[in-house]
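# Reading the structure
These are the residues of each chain, in order.
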Amino acid sequence: MKSLDLFELFALAAIWGASFLFMRLGAHEFGPLVMAALRVTVASLALIPLLAARQGLGELRREWKPLLVIGLLNSAIPFALFSFAALSITAGLSSILNATTPLWGALIAWAWLRQGLSGWRVLGLALGFAGVLFLAWDKASFKPGGSGWALAACLLATFCYGLAANFSKRYTVHIQPMAVATGSQVFAALLLAVPALFYWPEAMPSAKAWMGVLMLGLLCSALAYLLYFRLMSRIGPTNTIAVTFLIPVFAVLWGFLFLGELFTLHMAAGCAIVLLGTALALGLLKPRSHA
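I will try to describe carefully the structure that is included in this document. (Residues numbered from 1 in each chain as written. Predicted model: local features only at pLDDT ≥ 70, side-chain atom pairs only at ≥ 80, totals over all residues. Heavy atoms only, no water.)

### Describing the overall build of the protein chain
Selection rule: Numbering of helices and strands runs from the N terminus; a helix is a DSSP stretch of H or I covering at least four residues, while a strand is a stretch of E covering at least two. When accessible area is computed with a 1.4 Å probe and restricted to protein chains, residues below 20% of their type maximum are described as buried, those above 50% as exposed, and intermediate ones as partly exposed. Here, two residues are considered to be in contact whenever any of their heavy atoms come within 4.5 Å of each other. Areas reported here follow the Shrake-Rupley algorithm with a probe of radius 1.4 Å; residue values treat only the protein chains shown as occluding. Counted as positive: Lys and Arg. Counted as negative: Asp and Glu. His and the chain ends are not counted at all. By convention, the charge on Lys lies at NZ, on Arg at CZ, on Asp at CG and on Glu at CD.
The helix and strand inventory of the protein chain stands at 12 helices and zero strands. The N-to-C order of helical and strand elements in the protein chain reads α-α-α-α-α-α-α-α-α-α-α-α. Along the longest, intermediate and shortest principal axes, the C-alpha atoms of the protein chain span 60 × 45 × 35 Å. When the 291 residues of the protein chain are sorted by exposure, 51% land in the buried category. Restricting to contacts in the protein chain with at least 6 residues of sequence separation, those with at least 24 account for 88%. Of the accessible surface of the protein chain, which amounts to about 14,000 Å², a share of 71% is contributed by carbon and sulfur atoms. The protein chain carries 18 positive and 8 negative side-chain charges, and their two centres are separated by 11 Å.

### Side note on the packing of aromatic side chains
This is how the line gets drawn: Ring pairs shown here join Phe, Tyr and Trp side chains whose ring centres sit within 6.5 Å, with only the six-membered ring taken for Trp; geometry is labelled stacked below 30 degrees between planes, edge-to-face above 60, and tilted in between. Two thresholds decide whether a charge sits over a ring: the Lys NZ or Arg CZ must be within 6 Å of the ring centre and within 35 degrees of the ring normal.
Scanning the model with the defined rule gives 13 aromatic pairs in all. Ring centres of W16 and Y228 lie 5.7 Å apart, and the angle between their planes is 50 degrees; on these two criteria the pair is classed as tilted. Remark: Y228 occurs in helix α10 (residues 207–240) and W16 occurs in helix α1 (residues 3–30); sequence separation between them is 212 residues. On the basis of relative accessibility, which here comes to 18%, the residue W16 falls in the buried class. Considering the side-chain rings of W112 and Y171, the 6.5 Å spacing of their centres and the 35 degrees angle between planes classify their relative orientation as tilted. On the criterion of sequence distance, the pair formed by W112 in helix α6 (residues 101–112) and Y171 in helix α8 (residues 148–171) is long-range, its members being 59 residues apart. Look at Y171 and you get partly exposed, because its relative accessible area is 36%. Here the aromatic residues W16, Y225, Y228 and F229 are joined through ring pairs into a cluster of three or more. The residue whose ring lies beneath R39 is F79, and the NZ or CZ to ring-centre distance is 3.7 Å.

### Overview of the pattern of salt bridges
Operational definition: Between Lys or Arg on one side and Asp or Glu on the other, a salt bridge is scored when a side-chain nitrogen of the former is within 4 Å of a carboxyl oxygen of the latter.
The full count for this structure, using the stated rule, is four salt bridges. Between R230 and E8 there is a salt bridge, with its nearest N and O atoms 2.8 Å apart. Of this pair, R230 sits in helix α10 while E8 sits in helix α1, placing them 222 residues apart in sequence. For R24, the salt bridge goes to E261, with nearest N and O atoms at 3.2 Å. Here the residue R24 occupies a position in helix α1, and E261 occupies one in the loop between α11 (243–259) and α12 (265–282), the gap between them amounting to 237 residues. Of the residues examined, R24 reaches a relative accessible area of 23% and is grouped as partly exposed. By relative accessible area, E261 is classed as buried at 9%.

In structure tokens form, the structure reads like this:
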């Protein structure tokens, strides 16, 4: 991996780590559905001209069915769910739960695409989800004021990410990555338009909340997708997936610096278990066998 690739990998992790901070800035004022809708709308407006410059708009029309599914599973539903979680749990905890995405991806690939799982990968899946239970054990209260629904929302969002990844492998490999990135945002915006109008806030959100939305759309969606697909083409998916391990580091850092959030020993232990399980499930850690 060249130094530029390494820099872009860390930049992508820093940007996606900041997304949990920006959601915390605006979720209370906009509400989850409106914030998710504005995020994908801003991203769409930024990406459409870039796709048009590559003569790729026709691909959106031809491939609208799979792109609609990707928009639903990879943007509309998870963005709304993570915005909902931002109402009651910290950016750091949300980002750690987001790190379970590859676990869901591996599990769904095994169940749907019949991809084999070695013993070490099964152990990784078990460890990863054990880490989630460890994190949620004393927090998963579904009573009013509890964070149980927020934790469940994060896990449902990551399940959608894992489902979208496997759907993409099966149905969108023939579509250029820029069209997938743009189409997912455009169709997510269309899917969320009516719910967003229905739940539009009565009071005008503050400038801070609007800044959160703009940063989510321009930085954490449009620019992040461009970096992501650039890295995928240059260093491959195995190296690019390492961003999963860096996102919680930056999310915790941004939450501490800008929101005063604490990173407890309990969260650190849970994060370590989740990331260790993810590394095993992805095959990034391959313990040596001895004769």
